[in-house]
Amino acid sequence: MANDENIEVEGVVKEMLPGGEFLVNVTTEGFDGHEVRAKMSGKIRMHYIKIIPGDRVKLVLTPYNLEIGRITYRLK
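Overview of the structure. Quantities reported herein were computed from a predicted structural model and do not represent experimental measurements. (Residues numbered from 1 in each chain as written. Predicted model: local features only at pLDDT ≥ 70, side-chain atom pairs only at ≥ 80, totals over all residues. Heavy atoms only, no water.)

## Comments concerning the sheet that holds strand β4 (residues 56-62)
Here is step 1 of the chain: Read around the closed barrel, five strands run β1-β2-β3-β5-β4, paired in mixed fashion. Neighbour-to-neighbour, the strand axes of this sheet turn through a mean angle of 50°, independent of strand direction.
Here is step 2 of the chain: Here five bridges tie strand β2 (residues 21-26) to strand β3 (residues 35-40), and the two strands are oriented antiparallel to one another. Directly across from Asn25, in β3, lies its bridge partner Glu35. (Pairing = 2+ DSSP bridges. Helix = DSSP H or I, 4+ residues; strand = E, 2+ residues; numbered from the N terminus. Axes fitted to C-alpha atoms, helices over the stretch in contact; angles between N-to-C directions.)

Have a look at this one:
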């Protein structure tokens, strides 16, 4: 899949779910209030970056399923 098809959005982690998943409220315009189940990308896991509820994160969604995403960056 080409990276041009992916949708990048920002959100706030609402809660941690079992299995390394997070419930994220999307704050990007056009997706306001949308909740997404997201997993951490491999680079975040590899560098031991911790994500807790309340953190602002950058997500990547595919146009095929807007309910599941991948966390690619933790914003400061």
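## Here's the deal with the nonpolar core
Here is step 1 of the chain: Core analysis: the largest hydrophobic core is formed by 14 residues, its most contacted members being Val13, Phe22, Val24, Ile51, Val57, Leu59 and Ile71.
Here is step 2 of the chain: Going through the elements one at a time, β1 (7-17), β2, β3 and β4 are the ones with two or more residues in this core.
Here is step 3 of the chain: The residues touching Val24, leaving out its near neighbours within four places in the chain, are Gly11, Val12, Val13, Lys14, His34, Glu35, Val36, Ala38, Val57 and Leu59. (Core = buried A, V, L, I, M, F, W, Y, C linked by side-chain atoms within 4.5 Å. Buried < 20%, exposed > 50% of the residue type's maximum accessible area, 1.4 Å probe, protein only. Contact = heavy atoms within 4.5 Å.)

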